Amino acid sequence: MKNVVVIDHPLVQHKLTIMRKQETSTASFRRLLREISTLLCYEVTRDLDLETVRIQTPLCEMDAPEIAGKKLVFASVLRAGNGLLEGMLDLVPSARVAHVGLYRDPKTLVAVEYYFKAPDDLGDRLTVVVDPMLATANSAIAAVERLKERGAQNVRFLCLLAAPEGVERFTGAHPDVPVYTAAIDDHLNDKGYIVPGVGDAGDRMYGTK
Ligand code: PRP
Ligand code: URA
């Protein structure tokens, strides 16, 4: 699929398999999501530009690489996005954070916004939108639209699992935003759940069902 990166690292795939299992506990699900998110973060930042700075080691001066440009923004789509956010911040602690509060209306599957807060200067930064699930893509499309309205120009979308239908819709709506995911599953069921999937990511993370 165009503009989609499937992160097939063996550690990611192994951890995802454990998360899919019905018997995996809330505590394990949350821990695994945090672990996987550091690995996904590694891939989504793989091609960041570097610049050279002059530093002094204990032995001598050298020209050493560091990440160029302004600090990244991680935009978490609440609430399940926070499960990915934590691990991303472990790896990039200086990142700025945006929160986009959205829930799916269970009948219409339309994304309803209930919260939005983002740094002012999104235009100058790479914004990585994080949400474990890309199902119908209603939430992802709405979140990216909202961030673009606020000035974001360089955006990537990172999830754990995607449905083929969601990838198609998202890349149609935002052709400039690459999607990074650990897997593209088989299909969406009639309730908009990804099959085989992991179930409801938020409920599994927080034990709310
Ligand atoms: C889940 C998930 C995504 C959305 C994906 O959130 O975290 O945000 O569904 O579905 P979509 O692609 O069809 O929009 P949910 O609405 O269940 O809210 P929660 O994170 O608060 O549990
Ligand atoms: N949201 C989830 O949490 N899981 C799905 O399978 C689809 C949407």
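What counts and how
- Residues numbered from 1 in each chain as written.
- Chains lettered and ligands numbered in written order.
- Predicted model: local features only at pLDDT ≥ 70, side-chain atom pairs only at ≥ 80, totals over all residues.
- Heavy atoms only, no water.
- Pairing = 2+ DSSP bridges.
- Helix = DSSP H or I, 4+ residues; strand = E, 2+ residues; numbered from the N terminus.
- Axes fitted to C-alpha atoms, helices over the stretch in contact; angles between N-to-C directions.
- Contact = heavy atoms within 4.5 Å.
- Parallel < 35°, antiparallel > 145°, perpendicular 65-115°, else oblique.
- Left-handed = near helix turned anticlockwise from the far one by under 90°.
- Nonpolar A, V, L, I, M, F, W, Y, C, P; charged D, E, K, R; others polar.

Undergrad: How should the sheet that holds strand 11 (residues 179–181) be read in this particular structure?
TA: Strand pairing in a sheet relies on backbone hydrogen bonds. The paired strands run either parallel or antiparallel. If you trace the seven strands from one edge of the open sheet to the other, you get 1-11-9-7-4-5-6, paired in mixed fashion. Looking at strand neighbours, the two that pair on one side only are strand 1 (4–6) and strand 6 (111–117), the edges of this open sheet. Averaged over all pairs of adjacent strands, the angle between strand axes in this sheet comes to 20°, irrespective of strand direction. For strand 5 (residues 96–104) and strand 6, the ladder comprises six bridges, and the chain directions are antiparallel. Following the sheet pairing, Tyr103 is matched in strand 6 by Val112. Packed on one face of the sheet, helix 2 (residues 26–44) meets strand 4 (73–78), strand 7 (126–130), strand 9 (154–158) and strand 11 and runs near 145° to strand 9.

Undergrad: Explanation requested: the environment of Glu168 in the structure shown.
TA: By the secondary structure assignment, Glu168 is in helix 5 (residues 164–173). A sequence separation of 134 residues divides Glu168 from Arg34, and the C-alpha atoms of the two residues are 27 Å apart.

Undergrad: Help me understand the packing of helix 1 (residues 10–20) against helix 2 in this model?
TA: If you want to describe how two helices pack, look at the angle between their axes and the distance between the axes. Interhelical geometry of helix 1 versus helix 2 gives an angle of 160° and a closest axis separation of 10 Å. Here helix 1 is positioned roughly antiparallel relative to helix 2, judged by the angle of their axes. Considering the relative orientation of helix 1 and helix 2, their crossing is left-handed. Across the interface between the two elements, Leu11, Val12, Lys15, Leu16, Ile18 and Met19 from helix 1 touch Phe29, Leu32, Leu33, Glu35, Ile36, Leu39 and Leu40 from helix 2. Among the residues forming the contact of helix 1 with helix 2, the class breakdown is eleven nonpolar, no polar and two charged.

The quantities given are spatial measurements derived from coordinates; they are silent on function.
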